[in-house]
Amino acid sequence: GQQVMQIPQYQHVQEGEDFTTYCNSSTTLSNIQWYKQRPGGHPVFLIQLVKSGEVKKQKRLTFQFGEAKKNSSLHITATQTTDVGTYFCAGPRTGNQFYFGTGTSLTVIP
Amino acid sequence: DVKVTQSSRYLVKRTGEKVFLECVQDMDHENMFWYRQDPGLGLRLIYFSYDVKMKEKGDIPEGYSVSREKKERFSLILESASTNQTSMYLCASSLQGRYESGANVLTFGAGSRLTVL
């Protein structure tokens, strides 16, 4: 069945470096969502992308949805220690359910 | 502040015990979900419900059952807990509707970390 693959699984960066996580689907997605889970916390919704080629920004975070609507990325510019956590992408399945990617765990080294 | 509340943050149970995980939301959401989170495997859907007394199996329903007697409450039941059910369990809810309206955004509870000895 349809699944969403996410890479890398882990990423360690020095504070101030950039970070990117990628999400890929074998099928076209109608939309894609991104969530952030802080250590010890629960996933919190960040953003939803709907349109082909869409780019959205939230301060230092830039989200992209591919032209074919099969991939997406989250890029963080100049990481800070507050960015630490696991970032998940989620693609829709039937009804209001979602396939979640395996997540990218970001560690920021001060 | 809207909330999804899970009754127990940490539980320790013995193999063979019956386990109840309770989830309550105060947002009048139609959809409710139970996920299991394990390192390297992401979030896997156990069961979901679109309405009271309605339930559907997700990807890993074996060993679990659910109950939704009221709109705001969705319970996950482990009839006979086993060690391979040691995990973090996350409840979530969302509005029904089209994604363009943002209706399908998931709100998660804080999670219930279950250890089965």
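See the structure shown above.
As the structure is a computational prediction, the values presented were derived from the model and not from experiment.

A.B. asks: Sorry, what's going on with the overall build of chain B here?
C.D. replies: Across its full length, chain B carries 0 helices and 12 strands. Listing each helix as α and each strand as β along chain B from the N terminus yields β-β-β-β-β-β-β-β-β-β-β-β. Expected size for 117 residues packed as a compact globule is a radius of gyration near 13 Å; at 14 Å, chain B falls within 12% of this value. Once the C-alpha set of chain B is aligned to its principal axes, its extents read approximately 45 × 30 × 25 Å. Evaluated residue by residue, chain B yields a buried proportion of 50% over its 117 residues. The long-range fraction of contacts in chain B, counting pairs at least 24 apart against all pairs at least 6 apart in sequence, stands at 56%. For chain B, the exposed surface amounts to about 5600 Å²; the carbon and sulfur share of it is 49%.

A.B. asks: How should the pattern of salt bridges be read in this particular structure?
C.D. replies: Once their charged atoms are close, side chains differing in charge can pair, the charge on each being opposite to the other. Residue and element names in this part refer to chain B. Inspection of the entire model under this criterion finds 9 salt bridges over all chains. In this structure, Arg-36 and Asp-38 form a salt bridge, with 2.8 Å as the shortest nitrogen-oxygen distance. Asp-38 shares its class with Arg-36; the two are buried.

A.B. asks: Would you take a moment to explain the nonpolar core for this structure?
C.D. replies: In a soluble, globular protein the nonpolar side chains are often hidden away together inside. Ranked by size, the top nonpolar core spans 21 residues in total, and within it B:Trp34, B:Ile46, B:Leu76, B:Leu78 and B:Tyr89 carry the most contacts. When contributions to this core are tallied by element, the ones reaching two or more residues are strand 3 (19–21), strand 5 (31–38), strand 6 (42–49), strand 9 (73–78), strand 10 (87–94) and strand 12 (112–116) of chain B. The dominant element in this core, judged by the number of residues it contributes, is strand 9 of chain B, at 3 residues. Among the nonpolar cores identified, the runner-up in size contains 20 residues, and A:Phe19, A:Leu46, A:Phe65 and A:Leu106 belong to it.

A.B. asks: How should I be thinking about the environment of A:His12 in this particular structure?
C.D. replies: All names here are of chain A. The residue His-12 is located in strand 2 (residues 10–14) in this model. A relative accessible area of 51% places His-12 in the exposed class. Between the alpha carbons of His-12 and Asn-71 there is a distance of 23 Å; along the sequence they are 59 residues apart. Setting aside residues no more than four positions away along its own chain, His-12 makes contact with Thr-107 and Ile-109.

A.B. asks: Is there a simple way to think about the packing of aromatic side chains in this case?
C.D. replies: The description of an aromatic ring pair rests on the distance of the ring centres and on the angle between the ring planes. Scanning all chains against the criterion turns up 12 aromatic pairs over all chains. Ring geometry for A:Phe88 and A:Phe100: centres 6.3 Å apart, planes at 80°, overall edge-to-face. Taken as a pair, A:Phe88 in strand 9 (residues 85–92) and A:Phe100 in strand 10 (residues 98–100) lie far apart in primary sequence, 12 residues in all. Assigned by exposure class, A:Phe88 and A:Phe100 land together as buried. Following the ring pairs from residue to residue traces out a cluster consisting of A:Tyr35, A:Phe45, A:Phe88, A:Phe100, B:Phe33, B:Tyr35, B:Phe48, B:Tyr50 and B:Phe108. One residue, B:Arg9, lies across the ring of B:Tyr10, its end atom 5.6 Å from the ring centre.

A.B. asks: In this structure, what is going on with the interface of chain A and chain B? I would like to understand it.
C.D. replies: Chain A puts 23 residues into the contact, and the matching count from chain B is 26 residues. The largest share of the area that chain A buries against chain B comes from A:Asn96, A:Gln97 and A:Phe100, three residues that together contribute 30% of it. Between the two partners, chain A and chain B, sit 1 salt bridge. The shortest N-O distance in the salt bridge between A:Arg93 and B:Asp59 comes to 2.7 Å. Applying the counting rule to chain A against chain B returns 6 residue pairs in polar contact (both at pLDDT 80 or more). Listed by contribution, the elements that provide at least two residues to the side of chain A that touches chain B are strand 4 (32–37), strand 5 (44–49) and strand 10 of chain A. Tallied by class, the residues present in the side of chain A that touches chain B amount to 8 nonpolar, 14 polar and 1 charged.

Rules behind the numbers
- Residues numbered from 1 in each chain as written.
- Chains lettered and ligands numbered in written order.
- Predicted model: local features only at pLDDT ≥ 70, side-chain atom pairs only at ≥ 80, totals over all residues.
- Heavy atoms only, no water.
- Helix = DSSP H or I, 4+ residues; strand = E, 2+ residues; numbered from the N terminus.
- Rg over C-alpha atoms; globule rule 2.2 N^0.38 Å.
- Buried < 20%, exposed > 50% of the residue type's maximum accessible area, 1.4 Å probe, protein only.
- Contact = heavy atoms within 4.5 Å.
- Areas by Shrake-Rupley, 256 points an atom, 1.4 Å probe, with all protein chains shown as cover.
- Salt bridge = Lys/Arg side-chain N within 4 Å of Asp/Glu carboxyl O.
- Core = buried A, V, L, I, M, F, W, Y, C linked by side-chain atoms within 4.5 Å.
- Phe/Tyr/Trp six-rings, centres within 6.5 Å; stacked < 30°, edge-to-face > 60°.
- Lys NZ or Arg CZ within 6 Å of the ring centre and 35° of its normal.
- Buried area = accessible area lost by both parts, 1.4 Å probe.
- Polar contact = N/O pair within 3.5 Å; in protein donor to acceptor, adjacent residues only side chain to side chain.
- Nonpolar A, V, L, I, M, F, W, Y, C, P; charged D, E, K, R; others polar.

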